Amino acid sequence: MMLKKLKHSKIKAITVLSSLFLAIFISVPIICVVTHTTLSALMTSLASEEIQFAIRLSLETAAISTIMCIAISMPAAYALARYDFFGKSVINTILDAPLALPPLVAGVGLLILFGTTSFGKALADAGLVFVFTPYGIVIAQFFVNVPFMLRILRGTFQSINPRYEHVAETLGCTRAQAFWHVTLPMSKNGFLAGSVITWSKGIGEFGAALMLAGATRMKTETLPISVFLNMSCGELDLAIAAATILIIISLMSLFAFERYGGFAQVF
Amino acid sequence: MIRIEHLSKDLGEFFLRDITLDIEDGEYFMVLGPTGAGKTILLETIAGIYRADSGRIFLDGQDITDIPPRERNIGMVYQDYTLFPFLTVEENIAFGLKMRKVARSEIKRRVDELANLMGVVHLLHRYPGTLSGGEQQRIAIARALIMEPKVMLLDEPLSALDPQTAERLRQELKNIHSITDTTIIHVTHSFEEAFLLGSRMAIMNKGEIVQVGTPNEVFRKPNSEFVAEFLGVGNLFQGESRIDADSGIASIDVGGINIVSATLKSGSVHVSIRPEDILVSTKQIVSSARNSFKGKIAGIVDAGTILKIAVDVGIDTPFVVAITKRSFDELNLKMGREVYITFKASAVHLF
């Protein structure tokens, strides 16, 4: 009996210690970044033109790519949740692919598509240049993050009984009105969770954006690119300022996601 | 009135096959059947949520087969209420009129009227998530009724409720029907509900309608083994019940004989006794069972290991008794033989 208890507590001690070790291992590097410079140096860097530019570009590109993710995912997720059609499982698999694909590889693919094919050239001739421009950042973020939005919305729509729409139709709604007046308000949390995760992942997007949009100071310099550029040339204060903002944004979105999106299945 | 002609719909798991039905104006029509019989999809196809594969549906002579639900003016109430969780009770009831762009003051007046009728005035500012099942179902009914539908479709509206709430709401459905005179099609798997509410009923099985008639007709003359098995009650009588306060039992006069029941209910009642709860013997037996009658075997139906025999005790309908083949042989029963039937007061169900 005693032996059993001892054994049990041993297991408890080992497992609890492992979790504690993990927590420390994760928080220490974060604390290292934040405490590496003095507060005044941080403030000066934050006020610099370059960091201001990076903040603005990051916020804007992430916001635009999030809106694009919503606009495309909403109808696509609805179809995948409500209808059975030929090739549905193939489409589901393809739409999940960017989750497994290294972003760098995705970026190479996008670069080849927009830089070398006649499709890319036609777009460039029409004024939509994605290679080495901020547009490229948006497209890269969209490509990498759209599966998250799609999965969350698909799960959300699946969780809503279609009978709500049926009842709305008998109460005078068209199919579209039933979706707008009933399904959409009921999916509010899913949209919130999807937007938060897509937006915050967009802010942090590096690999794909680097390949397609490049790392040009004051042109395609988002916060992660800024960390990369300034670390490469030894501007430690600027790099840490950008990194600190990235940490703050990720903590805030983690909090928001836990709060509104706990139910949503991402993986 | 609703006329359904040769309606078919295949949704894979659930389907309808060649449904033909006529439902009169103001009728309370019941659709009864086991799970998976296609009852819900019949309602949903009438409402227009699914487009029929073949066949036609007419409402007041107009062919509505191909028009969308919103133009049919048919109300729908589901078993699980389906109230919109993000709207208050008031907004839920007002939903349809708002879609019709009715003037605000008129909506207010109608919502109050319906809330009064359904007894939910005190709940108008609450959200559905905080309400009991019975309250939610009243609101769902009010939300459908406010549209003044030509037909109300009720899909097992009482099945998710506890017995007391279900009984109260059942009574109210009857009242609403007599007040509004709306045609109602009510789907259920409860024979008791069908019997108490329906002026006529249809029995469904495997996507088809197997029998239509008044509850009495269907019960007395099931046209197939399926219907007889499904209804399964066996013995059903009507009578006047009096409660004897001293002994705490009810005594029911069913046209010649007095049946004693442990269910305390007075007035005009239905009496049901399951065939397997009745004992048959060749001599009168002394036991604690309160009901014992002498009769003659008027019919024998061989159904494998269980036999059903009809025993005529001198009233309009014979008792149906289920016994095993072995007992049947041992008792040496045959047509016309004199027997006694015995059953306990607790086996007599009143409703």
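Position numbers for residues count from 1 along each chain, tracking the sequence in the order it is written. Lettering for chains starts from A, numbering for ligands starts from 1, and both go in the order in which the items are written. Residues qualify for local features only when their pLDDT is at least 70, as the model is predicted, and side-chain atom pairs are given and counted only at 80 or more; totals for whole chains, interfaces and linings, by contrast, use all residues. Note that water and hydrogens are dropped before the side-chain values are worked out from all heavy atoms of the structure.

Engineer: Looking at this structure, how should I read the overall build of chain B?
Structural biologist: A run of DSSP states H or I qualifies as a helix once it reaches four residues; a run of E qualifies as a strand once it reaches two. Both are numbered from the N-terminal end. When helices and strands are tallied, chain B shows nine helices and 20 strands. For chain B, the C-alpha atoms occupy an extent of roughly 75 × 50 × 30 Å along the three principal directions. Exposed residues in this analysis have more than 50% of their type's maximum accessible area, buried residues have under 20%, and partly exposed residues fall in between, with area computed by a 1.4 Å probe over protein chains only. In chain B, which comprises 351 residues, the share counted as buried stands at 51%. Pairs at least 24 residues apart make up 65% of the contacts formed inside chain B by residues separated by at least 6 positions. Here, Shrake-Rupley sampling with a 1.4 Å probe gives the accessible areas, and only protein chains in the shown set may cover a residue. Carbon and sulfur atoms make up 49% of the accessible area of chain B, which totals about 16300 Å². Charge-centre separation for chain B: the mean point of 39 positive side chains lies 2 Å from the mean point of 46 negative side chains. Here, residues are in contact when the closest pair of their heavy atoms is within 4.5 Å. Charged residues are defined here as Lys and Arg on the positive side and Asp and Glu on the negative side; His and the ends of the chain fall outside this count. To locate a charge, the coordinates of NZ of Lys, CZ of Arg, CG of Asp or CD of Glu are taken.

Engineer: Would you take a moment to explain the overall build of chain A for this structure?
Structural biologist: Check the secondary structure of chain A and you find 13 helices and zero strands. Start at the N end of chain A and walk to the C end: the helices and strands fall as α-α-α-α-α-α-α-α-α-α-α-α-α. Taking the principal axes of the C-alpha coordinates as reference, chain A spans close to 80 × 65 × 30 Å. Across the 267 residues in chain A, those meeting the buried criterion constitute 43%. By sequence separation, contacts in chain A at least 24 residues apart represent 76% of the contacts at least 6 residues apart. On chain A, roughly 14500 Å² of surface is accessible, and the fraction owed to carbon and sulfur atoms is 73%.

Engineer: What is the right way to read the nonpolar core from this model?
Structural biologist: Note that soluble globular proteins tend to have their nonpolar side chains buried in a common cluster. All names here are of chain B. Residues enter a nonpolar core if they are buried and are Ala, Val, Leu, Ile, Met, Phe, Trp, Tyr or Cys, with the set joined through side-chain atoms within 4.5 Å. Within the largest apolar cluster, 92 residues are counted, with the highest numbers of intra-cluster contacts made by Phe 84, Ile 93, Phe 95, Leu 153, Ile 185, Met 201 and Leu 231. Filtering out sequence-adjacent residues up to four positions away, Leu 231 remains in contact with Leu 32, Phe 191, Met 201, Ile 203, Val 218 and Phe 219. Residues Val 271, Val 313, Val 321 and Phe 328 belong to the second largest nonpolar core, which totals 28 residues.

Engineer: Even after reading the chapter, I still don't get a nonpolar patch on the surface, so can you show me in this structure?
Structural biologist: Together, Phe 21, Leu 22, Phe 25, Ile 26, Ile 30 and Val 34 of chain A make up an exposed nonpolar region whose accessible area comes to about 600 Å². In this structure, Leu 22 of chain A sits in helix α1 (residues 2-35). Like-charged residues are merged into a patch within 9 Å and nonpolar side chains (Val, Leu, Ile, Met, Phe, Trp, Tyr) within 5 Å, provided each residue has over 30% relative accessible area and no salt bridge. The term salt bridge refers to a side-chain nitrogen of Lys or Arg lying within 4 Å of a carboxyl oxygen of Asp or Glu.

Engineer: When you look at the pairing of strand β19 (residues 338-343) of chain B in this model, what are you seeing that I'm missing?
Structural biologist: Consecutive residues of a regular strand have side chains that alternate between opposite faces of the sheet. All names here are of chain B. Most of β19 is tucked away, with five of its six residues classed as buried. Only strands that DSSP links by at least two bridges are regarded as paired with each other. Two strands pair when backbone bridges link them, and strand β15 (residues 279-281) and β19 are joined in this way by three bridges, in the antiparallel orientation. Residue pairing for β19: Leu 279 is matched across the bridge by Thr 342.

Engineer: Just to check I follow, could you spell out the domain arrangement of chain B for this structure?
Structural biologist: It is common to give the size of an interface as the accessible area that goes away when the parts come together. Residues and elements named next belong to chain B. These domain boundaries are the output of an automatic or database domain assignment. Per the domain assignment, the segments making up chain B are domain 1 (2-225) and domain 2 (233-344). Centre-to-centre separation of domain 1 and domain 2, based on C-alpha positions: 37 Å. Each side of the interface is counted separately: domain 1 has six residues, and domain 2 has six residues. What counts as buried area is the accessible surface, traced by a 1.4 Å probe, that two parts surrender upon association, with contributions from both included. Considering only the surface of domain 1 that becomes buried against domain 2, Phe 195, Phe 219 and Arg 220 emerge as the three largest contributors, covering 71% of it. Here a polar contact is taken to be a pair of N or O atoms separated by no more than 3.5 Å, where protein atoms must pair a possible hydrogen donor with a possible acceptor and residues adjacent in sequence count only if both atoms sit in side chains. Scanning the region where domain 1 abuts domain 2 turns up zero residue pairs in polar contact (both at pLDDT 80 or more). Elements with a minimum of two residues in the side of domain 1 that touches domain 2: α6 (191-197) and α7 (215-220). Residue type decides the class: Asp, Glu, Lys and Arg count as charged, Ala, Val, Leu, Ile, Met, Phe, Trp, Tyr, Cys and Pro as nonpolar, and the leftover types, Gly among them, as polar. Residue classes in the side of domain 1 that touches domain 2 are distributed as four nonpolar, one polar and one charged.

Engineer: Explain the sheet that holds strand β20 (residues 349-350) of chain B to me, please; I cannot follow it from the model alone.
Structural biologist: The pairing of strands in a sheet happens through backbone hydrogen bonds and is either parallel or antiparallel. All names here are of chain B. Read across the open sheet, the five strands follow the order β13-β12-β11-β14-β20; overall the sheet is antiparallel. Taken across any chain shown, the strands that pair with only one partner, and hence form the sheet edges, are β13 (258-261) and β20. As paired elements, strand β11 (residues 235-244) and strand β12 (residues 249-253) share five bridges and run antiparallel to each other. By the bridge assignment for β12, Asp 244 is matched with Ile 249.

Engineer: I would appreciate a short explanation of helix α9 (residues 175-186) of chain A in the present structure.
Structural biologist: Any helix carries an expected span of 1.5 Å times its number of residues minus one. A rise of 1.5 Å per residue sets the reference length of α9 of chain A, with its twelve residues, at 16 Å; its end C-alpha atoms lie 16 Å apart and thus fit the reference within 8%. Among all positions in α9 of chain A, only Ala 178, Phe 179, Val 182, Thr 183 and Leu 184 of chain A are buried. Contacts from the buried residues of α9 of chain A go to α3 (49-82), α7 (134-158), α8 (163-170) and α10 (188-204) of chain A together with α2 (89-99) of chain B.

Engineer: I would appreciate a short explanation of the packing of aromatic side chains in the present structure.
Structural biologist: The description of an aromatic ring pair rests on the distance of the ring centres and on the angle between the ring planes. Between 30 and 60 degrees the pair is tilted, below 30 it is stacked and above 60 it is edge-to-face, where a pair is any two Phe, Tyr or Trp rings, Trp via its six-membered ring, whose centres lie within 6.5 Å. Scanning the entire structure with this criterion turns up 18 aromatic pairs over all chains. Residues Phe 21 of chain A and Phe 25 of chain A carry aromatic rings whose centres are separated by 6.2 Å and whose planes lie at 20 degrees to one another, so their mutual orientation is stacked. Taken together, the positions of Phe 21 of chain A and Phe 25 of chain A, both in helix α1 and four residues apart, correspond to about one turn of that helix. Across the pair, Phe 25 of chain A and Phe 21 of chain A agree in class, each one exposed. Taken together, the ring pairs in this structure connect Tyr 78, Tyr 83, Phe 157, Phe 179 and Phe 191 of chain A into an aromatic cluster. A ring is scored as having a charge over it whenever the NZ atom of a lysine or the CZ atom of an arginine sits within 6 Å of its centre and within 35 degrees of its normal. Against the face of Phe 84 of chain B rests Arg 143 of chain B, its NZ or CZ located 4.6 Å from the ring centre.

Engineer: I keep staring at the sheet that holds strand β5 (residues 62-63) of chain B and nothing clicks. Help me out?
Structural biologist: Residues and elements named next belong to chain B. With antiparallel pairing, the four strands of this open sheet are ordered in space as β2-β1-β4-β5. Looking at which strands have only one partner, the edges of the open sheet turn out to be β2 (15-23) and β5. In the sheet, strand β1 (residues 2-10) pairs with strand β4 (residues 54-59) via five bridges, with the strands oriented antiparallel. Bridge pairing links Ser 8 to Ser 54 in β4.

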